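The lines below spell out each chain.
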Amino acid sequence: MGYKVAVIGATGNVGREMLTTLAERDFPVDDVVALASEKSIGSQISFGDKSVLDVQDLAKFDFRGWDIALSSPSGAVSAQFSPKAAAAGCVVIDNTSHFRMDPDVPLIVPEVNPEALAGYTKRNIIANPNCSTIQMVVALKPLHDLAQVKRIVVATYQSVSGAGRDAMDELFNQTRAIYVNDPIEKKVFDKQIAFNVIPHIDTFMEDGSTREEWKMMVETKKILGSKITVAATCVRVPVFIGHAEAINVEFERPISAEDATEALRQAPGITVIDHRTDEGFVTPVECAGDDPVFISRIREDFSIENGLNLWVVADNLRKGAALNAVQIAELLVRDYLKK
Ligand code: 2RA
């Protein structure tokens, strides 16, 4: 006996990846529906290689009788429809930032804090963390267990797919325009993204940081440990898929590069590729389409006590969003929604 699963925001980058991941992992569905705004009605979308779905109108959909909704619309749409779906008895796994810091909504990375899922019944909503947070806490969880993380300094190199399909088109069109000496158009990003990097993701805040940097700080505290301090600089780079992060970590206790590497090799959801030779590390183009969080460049930071540096790469649409949401759904049906 399977589950009735709705995908909200099905026509976006993450919504499409959610459908692909559900099909690839043979999630036990009896029925699946693709939901989007009225402008997408009439379009079709593939449910992996299993079937093709007619996109239905979210505004007119009745969630009664549906078990799980994987949701990745805008935050405003989620704010409007997630509570409605939850009230109809459909457990919502929401990829937007809207509910992440709600104390009654668990913020889950299955490899890191699966026990927190028990709190989902308070609102029938579960939050999927931000992509840049997910890959970082997956990498740091085994090291936190070993030597207790005290402070994180992270610089991110985030691909344009994190900003949606139009952002991917903008990178492609700008790159082509520059090659043929055409004028470039800027619609999604405030500056040229082709052959450039932009230290601005999401909106600026009063203290000069961006909401993306704020998300990494507050979400890490909620998922991994409230005493951990985080200094983040989030940068958009001309890459289509795959976020990379240069992470410097200070621990409460000593930790060697060898012990860290061994702990990472044993940890779930992680692949260590770290040879300290040419090509002995991972880059975003190599992670696109893959599930693991990849870790390279593991080395001690001798400039501080108990310091370590890491290079962490993951597919931001898969582990950074869709895969993590489906893994939460797998945990949910295994431990709570048995049929
Ligand atoms: C980004 N993390 O990369 C944000 C949202 N996906 O744009």
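- Under an unreviewed UniProt entry, the name given to the protein chain is Aspartate-semialdehyde dehydrogenase, and the source organism is Skermanella stibiiresistens SB22.
- UniProt annotates the protein chain under Sequence similarities (unreviewed entry) with the comment "Belongs to the aspartate-semialdehyde dehydrogenase family."
- Its UniProt record gives the protein chain a comment under Function (unreviewed entry), which states: "Catalyzes the NADPH-dependent formation of L-aspartate-semialdehyde (L-ASA) by the reductive dephosphorylation of L-aspartyl-4-phosphate."

Overview of the packing of aromatic side chains
Then, in step 1: If you walk through the whole model with that rule in mind, you get six aromatic pairs.
Then, in step 2: Judged by centre distance (6.1 Å) and plane angle (80°), the rings of Tyr179 and Phe195 are edge-to-face. Taken as a pair, Tyr179 in helix α4 (residues 165-179) and Phe195 in the loop between α4 and α5 (211-223) lie far apart in primary sequence, 16 residues in all. One exposure class covers both Tyr179 and Phe195, and it is exposed.
Then, in step 3: Taken together through their ring pairs, the aromatic side chains of Phe61, Phe63 and Trp66 make up a single cluster.
Then, in step 4: Across the ring face of Trp66, the terminal group of Lys4 is positioned such that the distance to the ring centre comes to 4.6 Å.

Quick notes on the site of the ligand
Then, in step 1: In the vicinity of the ligand, the contacting residues are Asn130, Cys131, Gln158, Gly162, Ala163, Ile201, Glu212, Arg236 and His243.
Then, in step 2: Within the contact set of the ligand, an oxygen atom lies 2.9 Å away from a backbone nitrogen or oxygen of Gly162.
Then, in step 3: The side chain of Glu212 places a nitrogen or oxygen atom 2.6 Å from a nitrogen atom of the ligand.
Then, in step 4: For the ligand, the accessible surface in isolation is 230 Å², of which the surrounding protein chains cover 78%.
Then, in step 5: Per-class residue counts for the shell around the ligand are three nonpolar, four polar and two charged.

Details of the pattern of salt bridges
Then, in step 1: For the coordinates displayed, the defined rule picks out 17 salt bridges.
Then, in step 2: Salt-bridge contacts for Asp26 lead to Lys50; the nearest nitrogen and oxygen are separated by 2.7 Å. Residue Asp26 is found in the loop between α1 (13-24) and β2 (29-36), and its partner Lys50 is found in the loop between β3 (44-47) and β4 (51-54); the two are separated by 24 residues along the sequence.
Then, in step 3: Accessibility expressed as a relative area gives 42% for Lys50, which makes it partly exposed.
Then, in step 4: Across the salt bridge formed by Lys339 and Asp67, the nearest N and O atoms sit 3.1 Å from each other. Of the two residues, Lys339 sits in the segment after α8 (318-335) while Asp67 sits in the loop between β5 (56-57) and β6 (68-71), which places them 272 residues apart along the sequence.
Then, in step 5: Of the residues examined, Lys339 reaches a relative accessible area of 52% and is grouped as exposed.
Then, in step 6: Within this structure, Glu17, Glu24, Asp291 and Arg318 form a network of salt bridges that share partners.

Rules of the game
Residues numbered from 1 in each chain as written. Predicted model: local features only at pLDDT ≥ 70, side-chain atom pairs only at ≥ 80, totals over all residues. Heavy atoms only, no water. UniProt positions renumbered as here; feature names shortened; annotations may be inferred. Phe/Tyr/Trp six-rings, centres within 6.5 Å; stacked < 30°, edge-to-face > 60°. Helix = DSSP H or I, 4+ residues; strand = E, 2+ residues; numbered from the N terminus. Buried < 20%, exposed > 50% of the residue type's maximum accessible area, 1.4 Å probe, protein only. Lys NZ or Arg CZ within 6 Å of the ring centre and 35° of its normal. Near = heavy atom within 4 Å. Polar contact = N/O pair within 3.5 Å; in protein donor to acceptor, adjacent residues only side chain to side chain. Areas by Shrake-Rupley, 256 points an atom, 1.4 Å probe, with all protein chains shown as cover. Nonpolar A, V, L, I, M, F, W, Y, C, P; charged D, E, K, R; others polar. Salt bridge = Lys/Arg side-chain N within 4 Å of Asp/Glu carboxyl O.

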